[in-house]
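Architecture and fold: a report
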Amino acid sequence: MFKSFFKKKKDKKLFTIAFYNVENLFDTTNDFYKLDDDFTPNGFKNWTPKRYRKKLIKLGKVISQIGHTENSKPPVLIGLAEIENGKVVKDLISVDTLKEIDYDYVHYESPDERGIDTGLIYNTKYFELIQSETLTVWINNPNGERDTTRDILYVNGKLNKEEVHIFVNHWPSRRDGEIETGYKRVQAAETLLEKMAIIEKTHENPNYIVMGDFNDGPNSESINTLLEDGTLYNPMKQLLSPVRGSANYKRKWSLFDQILFSHTFFNYEKETHSFAHANIFDEHFLKEWKGKYKGNPYRTYVGRKYVGGYSDHFPVYIQLKFNV
């Protein structure tokens, strides 16, 4: 009785918006047009239907709980990175922990050479889809050849009848060096800003939500490019810490997974949403529990070794309060 009196009350007017890099969510079927051979039963990672199903169940558990300490509802919007196709998203929202939620999704095939895309899951009870499209990021490598990176997913819709413009990103990697590849991520930022400029020709003070694995931290040139004109705000900057992040590489934390939004979410008018909270969803069950990687994300593979975890990234999320 004493405990229940002090139990934190969950706010029914809060809505969670999340982003999750799910670490190579491939089905087990070989696609001739993609570099997915490793993720097949006969590939070197021995990616079997049983392992695929196990990963779906684990990811479903995570998604259903993001933001649960403050919120009585699962996320209304979840941006995804490293998904192979629409089928894997459909399989994901069909697992037991998610199938009773009114989830639908948006996905397009990207030109990425690895065959991984971005996508958006949305709860049809609270979000009405208006339109969607992809934004191609045109980048050339130093030798003049095109770098076929992931498209930016743009989704326009209404959250509780308030119009929002959502961008789901997975920007070019740092595989060839942070400085050497920095211009690619700046180009991705400029591509997104070009679309925002088009939107602003027909929409006054549009509501933006920009989420993704940017492969750059909150203080990087590419993220600062997004923030230059003052339209967007980055709450993730406050979460940046040497001892916490969304991914860990060589024992160093990074916060490449971020959600930015427009300053319009700082208003408190009726029937609008206002920013309430931002966080990294890094609860204990998502972490390595022992050994030299203790505290790191409990991932599916470590190199070629299957360990059966969730992902090599933690999800990040923001919460918006609906003003009534």
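Rules behind the numbers
Residues numbered from 1 in each chain as written. Predicted model: local features only at pLDDT ≥ 70, side-chain atom pairs only at ≥ 80, totals over all residues. Heavy atoms only, no water. Salt bridge = Lys/Arg side-chain N within 4 Å of Asp/Glu carboxyl O. Helix = DSSP H or I, 4+ residues; strand = E, 2+ residues; numbered from the N terminus. Buried < 20%, exposed > 50% of the residue type's maximum accessible area, 1.4 Å probe, protein only. pLDDT = per-residue confidence, 0-100. Contact = heavy atoms within 4.5 Å. Core = buried A, V, L, I, M, F, W, Y, C linked by side-chain atoms within 4.5 Å. Pairing = 2+ DSSP bridges.

**Concerning the pattern of salt bridges**
- As enumerated under the stated definition, the model contains 11 salt bridges in all.
- In this structure, Lys 195 and Glu 133 form a salt bridge, with 3.0 Å as the shortest nitrogen-oxygen distance. Of this pair, Lys 195 sits in helix H4 (residues 178–199) while Glu 133 sits in strand E5 (residues 127–135), and the two are 62 residues apart along the sequence.
- Taking the relative accessible area as the measure of exposure, Lys 195 reaches 13% and is therefore buried.
- The partner of Asp 282 in a salt bridge is Arg 244, with the nearest N and O atoms 2.7 Å apart. Of this pair, Asp 282 sits in the loop between strand E13 (273–280) and strand E14 (301–302) while Arg 244 sits in the loop between strand E9 (232–233) and strand E10 (247–249), and the two are 38 residues apart along the sequence.
- By sharing partners, the salt bridges in this structure join Arg 174, Glu 178, Arg 185 and Asp 216 into a single network.

**Describing the confidence of the model for the protein chain**
- Confidence in the prediction for the protein chain averages 93 pLDDT; 96% of positions are at 70 or higher.
- Across residues 1–6, confidence stays below pLDDT 50; counting only partners more than four residues off in sequence or on other chains, it has 0 contacts.

**Section: the nonpolar core**
- Membership of the largest hydrophobic core comes to 66 residues, with the highest contact counts inside it found for Ile 17, Tyr 20, Leu 80, Ile 166 and Ile 318.
- It is strand E1 (residues 14–25) that contributes the most residues to this core, 7 residues altogether.
- Here Ile 318 is in contact with Phe 15, Thr 16, Ile 17, Pro 235, Met 236, Ile 259, Phe 261, Phe 275, His 277 and Ala 278, once residues within four sequence places are set aside.
- Phe 167, Trp 171, Ala 189 and Leu 260 belong to the second largest nonpolar core, which has 19 residues in total.

**Examining the pairing of E1**
- Of all the 12 residues making up E1, 12 are buried; the element is thus mostly covered by neighbouring parts of the structure.
- Judged from the 6 bridges that link them, E1 and strand E16 (residues 316–322) form a sheet pairing that is antiparallel. Bridge assignment links Leu 14 to a residue of E16, and that residue is Lys 321.
- Relative to strand E2 (residues 77–83), E1 runs parallel, the two sharing 6 bridges. Paired with Tyr 20 across the strands is Leu 80, a residue of E2.

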